[in-house]
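# Examination of the molecular architecture
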Amino acid sequence: TSVTWTLLLFVYFNFSEETHSFKNVPVKGLEPQKPIPKKFYPRFTRGPIRKPEPQKKGGKIGNPLGNHEQDPVKGDIDFSPEMGMIFNEHDQEVRDLGYQKHAFNVLISNRLGYHRDVPDTRDTKCKEKSYRSDLPSASVVICFYNEALSALLRTIHSVLDRTPSYLLHEIILVDDNSEFADLKKDLDEYIQKNLLKNTKLVRNEKREGLIRGRMIGASHATGKVLVFLDSHCEVNEMWLQPLLTPIREDRKTVVCPVIDIISADTLTYSSSPVVRGGFNWGLHFKWDLVPLSELEGPEGATAPIKSPTMAGGLFAMDREYFNELGQYDSGMDIWGGENLEISFRIWMCGGRLLIIPCSRVGHIFRKRRPYGSPGGQDTMAHNSLRLAHVWMDEYKEQYFALRPELRTRSYGNITDRVELRKKLNCKSFKWYLDNIYPEMQVSGPHAKAQQPVFINRAQKLPKIIKRGRLYHLQTNKCLVAQGHPSQKGGLVVARECDYNDQNQIWMYNEDHELILNNLLCLDVSETRSSDPPRLMKCHGSGGSQQWTFGKNNRLYQVSVGQCMKVVDPLSYKGYVTMAICDGSLPQQWHLES
Ligand code: UD2
Ligand code: MN
């Protein structure tokens, strides 16, 4: 894949310049136009050392690559760095408003349309497997709140396109009282015009949150198995059969696909490593490496893996078992905690939870959650308190040691859930820790806040492709830091080139990052594309730090969809900004090699 990646880098794309609209441009077929000259072959130089990101305080679920070093299978089917090109003010508005409302690149999402192929990220051995034909049928439940229409419709169509109809009992959409009027109107219109097979739409009269939302969806379902998906997913080839198979064998088995990564900035689909779910004492979900003991066995990489917890959004479960096991805690609001609650409940009350490596579903992982709760409450804390009090026995002290302020916080009535636990005759949390998650570190009951557990390994560095000065062709100046090159947030300007100055050396790597003097990455603001580019810590997740060199010597920013230019080439100041790509002289750059 890295060859393809490099290939694509230096290829001129077939899009006719600047006047072309991307509507209906097929995503496939962006073939290289000419072979790559030898001088562009990657050179192996070291880049800056990256410290692993500290564990985030919660509030969102990270993608499974977060703290792992495996190489992703990069999706080359839809990879076109210029997919987000901004041609006019309207595009700009779609993009910027899209980031504000949805926290991902809606311009690209819209351009991709409602159907697209995704790279088949399964292990080759999965492709040889066959599945029996008498699998139970599935009701797919998708809750959404203020979702971007194109992302929601791509989720639905990916299911319709890649699920055999005899297995798809129905799709149940639950609109959680979305506020965007255009979403309601456009979705209604779309459903009326395009009779979506077996698709029902339920609308909540008030905002319930995803937890009660899913319960409402499930109550309308009549299929044998419930499959839950977020509203910004794309299912992969043969995704459903491997999920249904273990449920058919044992109705108390709950299964999750591997969650592949759809980039929020480029919508590129890439493969996730097979990791499993864990959590920390702050009651935040995290991804863990799979212990070797789990990976051995005749089925090798395709075997289901026991997982202590699930990420939450994507899983399949026998519908009657879902009801028997107590659905969800209806006292939980909006977002958070329900994933650990159902995971503990499954294991402690006689079921099991597996990750199925041969089932792959992509999900848009966003950097922030674009919505709040109606009253502005921290629903994650409220929900976590409920689950701690019902399920964690004396180990809830571990949580309180980290969050002492929550000891006295009220969490509503939990009598029904405590009774449920008795009725189901569930095991203790100690049993769960000892048997299902022995890796979890437990310190004494009154131990002080423990360090979060990092998987502390140096990240693999992307290969350097070019290294040298970045010339502005019109003025013959070089792009440099305005202040000190190690200053985070510092701007860049075009200044006199100085051949002896290390501070003018840029590195360009296979991840399309531009790194100045081995220190910081050239970066743009995600939400305000009118802000000038700046130097920031390299985050390694593409998007705002992905740049490509294209037609007419342009330097194109992948997530803002614009080109870098010198604002006033005749002034000595050399300020730069992002602007609609127009091929003009102020936008022409050359990276020396
Ligand atoms: C993750 C899960 C998510 C859920 C959450 C914890 C994955 C891929 N995603 O967060 O499913 O378990 O952790 O609670 O594992 N929604 C509503 N009503 C609301 C808020 C959200 O219907 O009030 C919908 C939303 O449109 C989306 C789904 O619920 O389809 C999950 O929300 P998210 O995508 O913001 O959560 P995510 O992926 O950060
Ligand atoms: Mn999600």
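Cut-offs and rules
Residues numbered from 1 in each chain as written. Chains lettered and ligands numbered in written order. Predicted model: local features only at pLDDT ≥ 70, side-chain atom pairs only at ≥ 80, totals over all residues. Heavy atoms only, no water. Helix = DSSP H or I, 4+ residues; strand = E, 2+ residues; numbered from the N terminus. Buried < 20%, exposed > 50% of the residue type's maximum accessible area, 1.4 Å probe, protein only. Contact = heavy atoms within 4.5 Å. Areas by Shrake-Rupley, 256 points an atom, 1.4 Å probe, with all protein chains shown as cover. Core = buried A, V, L, I, M, F, W, Y, C linked by side-chain atoms within 4.5 Å. Salt bridge = Lys/Arg side-chain N within 4 Å of Asp/Glu carboxyl O. Donors = N, O, S within 2.8 Å, 3.2 Å for Na, K, Ca; no water. Pairing = 2+ DSSP bridges. Disulfide = S-S within 2.5 Å. Axes fitted to C-alpha atoms, helices over the stretch in contact; angles between N-to-C directions. Phe/Tyr/Trp six-rings, centres within 6.5 Å; stacked < 30°, edge-to-face > 60°. Arc of directions from axis to C-beta. Near = heavy atom within 4 Å. Polar contact = N/O pair within 3.5 Å; in protein donor to acceptor, adjacent residues only side chain to side chain.

This brings us to the overall build of the protein. Within the protein one finds 15 helices and 25 strands. A buried classification covers 57% of the 593 residues belonging to the protein. Taking contacts inside the protein between residues at least 6 apart in sequence as the whole, the part at least 24 apart equals 76%. Surface summary for the protein: the accessible area is close to 25400 Å², and the carbon and sulfur share equals 51%.

Among soluble globular proteins, nonpolar side chains are generally buried collectively. Ranked by size, the top nonpolar core spans 57 residues in total, and within it F279, F315, F344, F429 and Y432 carry the most contacts. Top element by residues in this core is helix α12 (residues 379-391). It accounts for 7 residues. Not counting residues within four places of it along the chain, the set of residues in contact with F429 comprises F279, W281, F344, M348, W391, M392, D393, Y395 and R421. Membership of the second largest hydrophobic core comes to 42 residues, among which are A138, L167, I259 and I356.

Quick look at the pattern of salt bridges now. Here the structure, examined in full by the defined rule, presents 34 salt bridges. A salt bridge links D134 to R132; its shortest N-O distance comes to 2.6 Å. Across the pair D523 and R534 runs a salt bridge whose closest N-O atoms are separated by 3.0 Å. On the criterion of sequence distance, the pair formed by D523 in strand β19 (residues 520-523) and R534 in strand β20 (residues 534-536) is long-range, its members being 11 residues apart. Through salt bridges with shared partners, one network takes in K206, E208, R212 and D333.

Right, let's get into the coordination of the manganese ion (ligand 2). At this site the manganese ion (ligand 2) is bound by D230 (OD), H232 (NE2) and H363 (NE2), with donor distances of 2.2 Å. Sequence spacing of the donors to the manganese ion (ligand 2): D-x1-H-x130-H. With D230 in the loop between β4 (225-229) and β5 (233-235) and H363 in strand β12 (residues 352-365), the pair connects residues that are 133 residues apart, well separated along the chain. The class for H363 is buried, based on a relative accessible area of 10%.

Now for the pairing of strand β21 (residues 547-550). Pairing of β21 with strand β22 (residues 554-557), which is carried by 4 bridges, proceeds in the antiparallel orientation. From the neighbouring strand, T548 faces β22, where its bridge partner is Y556. In sequence, β21 turns back onto β22 through a hairpin of 3 residues, with N552 there showing a positive phi of about 55°.

Within the structure shown, the criterion is met by 5 disulfides. A disulfide bridge connects C478 with C497, and the sulfur atoms are separated by 2.1 Å. Disulfide C478-C497: the torsion about the S-S bond is 100°, which places it as right-handed. Separated by 19 residues along the polypeptide, C478 in strand β15 (residues 477-481) and C497 in the loop between β16 (492-495) and β17 (506-509) bring together distant segments of the chain. When its relative accessible area of 0% is taken as the criterion, C478 is described as buried.

With that settled, consider the sheet that holds strand β18 (residues 514-516). One open sheet holds the 5 strands; their spatial order is β13-β17-β18-β19-β20, and the pairing between them is antiparallel. Of all strands in the sheet, those with a lone pairing partner are β13 (464-468) and β20, marking the two edges. When strand polarity is set aside, the average angle formed by the axes of neighbouring strands in this sheet is 35°. By the bridge criterion, 4 bridges tie β13 to β17 in an arrangement that is antiparallel. The residue of β17 that forms the bridge with K466 is Y508.

Within a sheet, neighbouring strands are paired by backbone hydrogen bonds and run either parallel or antiparallel to one another. An order of β21-β22-β23-β24 is seen for the 4 strands of this open sheet, with the pairing classed as antiparallel. Pairing within the sheet leaves two strands with one partner each, and these edge strands are β21 and β24 (576-579). Across the sheet, the mean angle separating the axes of adjacent strands is 40° when strand polarity is ignored. Inspection of the sheet shows β22 paired to strand β23 (residues 562-566) by 2 bridges, in the antiparallel sense. The residue bridging Q557 from the neighbouring strand is Q562, located in β23.

Next up on the list: the packing of aromatic side chains. Inspection of every chain in the model, using the stated rule, returns 17 aromatic pairs. Ring centres of F322 and Y328 lie 5.9 Å apart, and the angle between their planes is 80°; this geometry places the pair in the edge-to-face category. Here the two residues F322 and Y328 agree in accessibility, since each one is buried. Summarising the aromatic geometry, the rings of F429 and Y432 are spaced 5.3 Å apart at their centres and angled 25° between planes, so their arrangement reads as stacked. You can see F429 and its partner Y432 sitting in helix α15 (residues 429-435), 3 residues apart, about one turn around the helix. You'll find F429 and Y432 in the same group, each marked buried.

Our focus in this paragraph is helix α14 (residues 415-423). Note on helix geometry: an α-helix contains 3.6 residues per turn, so any two residues three or four positions apart are oriented the same way. Taken together, the buried positions of α14 are R417, L420 and R421. Taken down its axis, α14 places every buried residue within 100° of arc, on the same side. Summarising the geometry of α14, the exposed residues directed more than 90 degrees from the buried face are D416, K422 and K423. Check the buried side of α14 and you find it contacts α10 (319-324), α11 (338-348), α12 and α15. Remark: N425 follows α14 within two positions and exhibits a positive phi of approximately 60°.

Ligand 1 sits among 24 residues. The nearest are R214, S231, G336, E338 and Y371. Separating an oxygen atom of ligand 1 from a backbone N or O atom of G313 is a distance of 2.9 Å. Y371 is positioned such that a nitrogen or oxygen atom in its side chain is 2.5 Å from an oxygen atom of ligand 1. Here ligand 1 loses 97% of its free accessible area of 730 Å² to cover by the protein chains. At the level of elements, β1 (138-144) and α7 (210-220) are the ones that each hand at least two residues to the shell around ligand 1.

Looking now at unusual backbone geometry. A positive phi is found at L267, a non-glycine position, where the angle reads about 60°. Counting through the fold element by element, L267 comes out in the loop between β6 (253-263) and β7 (269-270). One non-glycine residue, I334, lies in positive phi territory at about 45°. If you trace the backbone, I334 turns up in the loop between α10 and α11.

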